Amino acid sequence: MILTTYQKIVYGLVLLGIVVMVTIPDMVIELSTELFHLVFELIFEVADVTFESVETVLDNVIEHLFHTGLHDTQIIVYYVIVGILAYPLYRLARIVLRFLFRLFAAIPIKYAFYKTQWLLLRQDISYYWQKLPFLSKLKWVLIATSTLYLASFLVM
C-alpha cells in the first residue's frame, strides 16, 4: 500500500501528538482545560450580549408603543421574556423527565444482564487461570507487576 503525501502528514501529526502526550501530559491537560474554559467563556459572553440586545430592543419597542415609564416598561419586558422562555423550558422538562423515567426503568434490567455476564466471565477466567502452567502464571504476574510499576511513574 502506497501512502499519499496527505496520509503521511496526518500519520506524522498523529505520531507527534502521541509523543507529546506521553512526554508532557500535564501541559496537554492544562492546555486542553484552558481551551475548554475559553470556549465556554466565549459562549456565555455571546449569550449575555444577545440577551441584553434583545432586552434593549424590547425596552425601546414597548416604551414607544405604549408610552410607559421606565419601571412599567421593565415589568412588561420581564413578563414578555418569561412568557417567551416558559414554553421551551416546559418542553425540555418533559423530555428530560421522559428520559429519566426510561433510564430508571432500564437500570435494573441492565444491572441483571451485566451481573450475569460478569459472573460468566469470572468463571471463564478462573477456569483459564487454573489450567495455565506455572511458567505462564509467573509471566502474567510479572507483566502485570511491571506495568503497574511503570504506570506509577505517571502518577508522581
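Everything in this summary refers to the structure shown in the same document. (Residues numbered from 1 in each chain as written. Predicted model: local features only at pLDDT ≥ 70, side-chain atom pairs only at ≥ 80, totals over all residues. Heavy atoms only, no water.)

## Description of the packing of helix α2 (residues 25-66) against helix α3 (residues 70-131)
Orientation of α2 relative to α3, taken along the N-to-C sense of each, is 125 degrees, at an axis distance of 9 Å. Between α2 and α3, the interaxial angle falls into the category oblique. Considering the relative orientation of α2 and α3, their crossing is right-handed. Where α2 abuts α3, its residues F51, E55, L58, D59, I62 and E63 lie against T73, I76, V77, V80 and I81. Its residues assigned to classes, the contact of α2 with α3 comprises seven nonpolar, one polar and three charged. (Axes fitted to C-alpha atoms, helices over the stretch in contact; angles between N-to-C directions. Helix = DSSP H or I, 4+ residues; strand = E, 2+ residues; numbered from the N terminus. Parallel < 35°, antiparallel > 145°, perpendicular 65-115°, else oblique. Left-handed = near helix turned anticlockwise from the far one by under 90°. Contact = heavy atoms within 4.5 Å. Nonpolar A, V, L, I, M, F, W, Y, C, P; charged D, E, K, R; others polar.)

## Structural notes on the packing of α3 against helix α4 (residues 134-155)
Closest axis-to-axis distance for the α3/α4 pair is 8 Å, and the angle between their directions is 120 degrees. Of the possible angle classes, the one that applies to α3 and α4 is oblique. Across the interface between the two elements, Y128, W129 and Q130 of α3 pack against K137, W140 and V141 of α4. In terms of residue class, the contact of α3 with α4 is made up of four nonpolar, one polar and one charged.

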